[in-house]
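Breakdown of the fold
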Amino acid sequence: LLAGFRWIELKDSLVGSLTPGDRNVPTWKTTGGCGPDPVLTAIDDACGAGAPVGGYPAFWTTRTSNNLWGLQAGAEGRLFENGRFSVDGVLKAGAYLNHAKQTDWVSMAKVMYSSSATANRTAWVADARIQLKYLMTSGIAIKLGYEFLWLDRLALAPGQISRTYSRENPTSLAATGVDTGSNVLFQGGTLGLEYSF
C-alpha cells in the first residue's frame, strides 16, 4: 500500500494569429517587441507565447497555469510471476488543491490589452503503470511497460475564451474567472534495462 504527498504543475497556451489589415499606419502603440523592428511592438509575454505573423503580435494569447498540491493513496504489487517472467502493477489516485491562473492578451486597435484571474479548486489525479519484466541473468532484466496520468478539473487555455470579455467603448479586456472544467490524459510506453547487484 502507498500513501504520500505530491505536487504537479501543468501549463498551457493558446495563440490566435492573423496578419493585421493596417500594418503601417498608425504604428503599434505599446512597448516591448516581437521582432527586430521597434515599430512592430507588443507585450513581450504575448509575443513569447507564439510566433508573430510578419513581426506583428498575435491577435489573441491565453496562458494558463495549474499548481496542484495533494494527497494520494494506492497500491503496488506483483500481479503474476512464472520463472524468469513477472508482471508488476501500480495504481494511485488522490484529491488535490489546484491553484489555477489564466492570463490573456488581446490586440485591439493596435494596443495589447491584458487581463488575468485566479481560482482555487479541487482537482483529481490518477495514475497507473503495468510492467512486464524478464530476468535475462541473475542481475540483468529487461522491462516493458505502459503508464498513464489523468488529471481532472484543470484550467486549459481553450476553456478560457468564454471567461474573457472585451468591449470597444471604452476599449477594455476583463477576465471574468477561471474555467477549471477541463481534463487531460498523458499516456505512453516504457522500455528499460535493470541491473541489480
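So, here is what we can say about the structure in this document. Per chain, residue numbering runs from 1 following the sequence as it is written. The model is predicted, so local features are restricted to residues of pLDDT at least 70 and side-chain atom pairs to those at 80 or more, both for listing and for counting; the totals for chains, interfaces and linings are taken over all residues. As a rule here, side-chain values cover all heavy atoms of the structure and leave hydrogens and water aside.

Points about the pattern of salt bridges
- In the sections that follow, a salt bridge refers to a side-chain nitrogen of Lys or Arg positioned within 4 Å of a carboxyl oxygen of Asp or Glu. Taken as a whole and judged by the stated rule, the model has eight salt bridges.
- Residues Asp127 and Arg6 are paired through a salt bridge, measuring 3.1 Å at the closest nitrogen-oxygen approach. Taken together, the positions of Asp127 in strand β4 (residues 111-135) and Arg6 in strand β1 (residues 2-16) put the pair 121 residues apart, joining distant regions of the chain.
- Remark: exposure states derive from per-residue accessible area (1.4 Å probe, protein chains only) relative to the maximum for the residue type, with buried under 20%, exposed over 50%, and partly exposed in between. Residue Asp127 is classed as buried on the basis of its relative accessible area, which comes to 11%.
- Residue classification places Arg6 among the partly exposed residues on the basis of a relative accessible area of 23%.
- Between Glu76 and Arg129 there is a salt bridge whose closest N-O contact spans 3.8 Å. Of the two residues, Glu76 is situated in strand β2 (residues 60-82) and Arg129 in strand β4; the sequence distance between them amounts to 53 residues. Comment: elements are numbered from the N terminus, with helices defined as DSSP H or I runs of at least four residues and strands as E runs of at least two.

A word on the sheet that holds strand β8 (residues 182-195)
- Think of it this way: DSSP has to see at least two bridges between two strands before they count as a pair. Judged by pairing direction, the sheet is antiparallel, and its six strands sit side by side in the order β1-β2-β3-β4-β5-β8 without closing on themselves. Here the strands that pair on one side only, and so sit at the sheet edges, are β1 and β8. Taking each pair of neighbouring strands and ignoring which way they run, the sheet shows an average axis angle of 20°.
- Both β2 and strand β3 (residues 85-108) contribute to a ladder of 22 bridges, which runs antiparallel. By the bridge assignment for β3, Leu68 is matched with Asn98. Axis geometry follows a simple rule: fit a line to the C-alpha atoms, using only the stretch in contact for helices, then measure angles between N-to-C directions, giving values from 0 to 180 degrees.

Just distances and angles here, no functional claims.
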